[in-house]
Amino acid sequence: MSDKRFAVAIDGPAGAGKSTIAKAVAARCGFVYVDTGAIYRTVGLAVRRAGADPHDAAAVAPLLPGLEIRFDYSPDGSQRMYLNGEDVSGAIRSPEMSMYASAVSALPAVRAFLLDMQREAAKVHSVVMDGRDIGTVVLPRADLKVFLTASREARARRRLAELAAKGDGSTFEQVAADMAKRDHDDASRAAAPLRAAEDAVTVDTSCMTLEESIAAVYDLVRQRMGEKSGS
Ligand code: DC
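Residues numbered from 1 in each chain as written. Predicted model: local features only at pLDDT ≥ 70, side-chain atom pairs only at ≥ 80, totals over all residues. Heavy atoms only, no water.

This next bit is on the site of the ligand. Around the ligand lies a shell of 15 residues, among which R41, R111, D133, R182 and R189 are the nearest. In the model, an oxygen atom of the ligand is placed 3.3 Å from a nitrogen or oxygen of the S105 side chain. D186 is positioned such that a nitrogen or oxygen atom in its side chain is 3.0 Å from an oxygen atom of the ligand. Considered on its own, the ligand offers 450 Å² of accessible surface; in the complex 98% of this is hidden by protein. Of all the secondary-structure elements, those providing two or more residues to the shell around the ligand are α2 (36-49), α4 (95-105) and α8 (172-188). A total of 4 residues in the shell around the ligand trace back to one element, the largest contributor, which is α2. Residue composition of the shell around the ligand, grouped by class: 3 nonpolar, 5 polar and 7 charged. (Near = heavy atom within 4 Å. Polar contact = N/O pair within 3.5 Å; in protein donor to acceptor, adjacent residues only side chain to side chain. Areas by Shrake-Rupley, 256 points an atom, 1.4 Å probe, with all protein chains shown as cover. Helix = DSSP H or I, 4+ residues; strand = E, 2+ residues; numbered from the N terminus. Nonpolar A, V, L, I, M, F, W, Y, C, P; charged D, E, K, R; others polar.)

Another point: the nonpolar core. Membership of the largest hydrophobic core comes to 23 residues, with the highest contact counts inside it found for V43, V47, I69, M81, L83, V110 and L114. Those residues within four positions of L83 in sequence are excluded, and the remaining contacts are T42, L45, A46, R49, L67, E68, I69 and V88. Grouped together as the second largest cluster of nonpolar side chains are 19 residues, I21, V203, I214 and Y218 included. (Core = buried A, V, L, I, M, F, W, Y, C linked by side-chain atoms within 4.5 Å. Buried < 20%, exposed > 50% of the residue type's maximum accessible area, 1.4 Å probe, protein only. Contact = heavy atoms within 4.5 Å.)

Right, let's get into α4. With respect to burial, α4 is a largely interior element, 8 of its 11 residues being buried. Restricting attention to buried positions, one finds in α4 the residues M97, S98, Y100, A101, S102, A103, V104 and S105. The elements touched by buried residues of α4 are α2, α5 (108-124) and α8.

Right, dumping it as structure tokens:
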């Protein structure tokens, strides 16, 4: 019996283009795009609002049962995040929330709290899910795992352009320093550190345009879908 659902896991460091590429590939394939970083950011925002230290497991864990986190999609395919009924999709996108998200994501209680929510999405739909541990922990049996990376300089340049478009006045040096810290923290934490799954295909987008990166991942999906339907 064949299972028609298809799961694509895309992991990689901050600024490698995961969200943009995952979203475009999902749209091309007619799959649902799940941005798991946005879910961690929403927890980060809740912790910030509660005035708790995001590194302190004893302060963060008691907050979790009181959080109702949901997501849905705009007509253009963008994921919208809701915290206790409030649309926080814009509020989670600041450099400060990047740091809060990275800090809370190192806490095993937070990772456990969010695991089912992420897995549920892939039970119902064919998905392209992006994050740091999708291929290693969340969807270890994903049909295709992609590790999307790029040089730190290329990633910082892209993130700077994204922030500038939103009117944020961060400098290249600030963005590069934040990125270096997040790379280090995300990869060195004990709980589900960022790393490529053994069976992941690595795609380095440093010298690719966005269109080329989307095409490269889309081609991998098409190829793997062909193999799956033939098996
Ligand atoms: O992809 P992003 O920048 O929105 O992610 C924000 C932070 O959340 C990132 O620093 C690491 C964390 N994260 C994680 O630990 N696991 C995921 N699956 C997704 C994000």
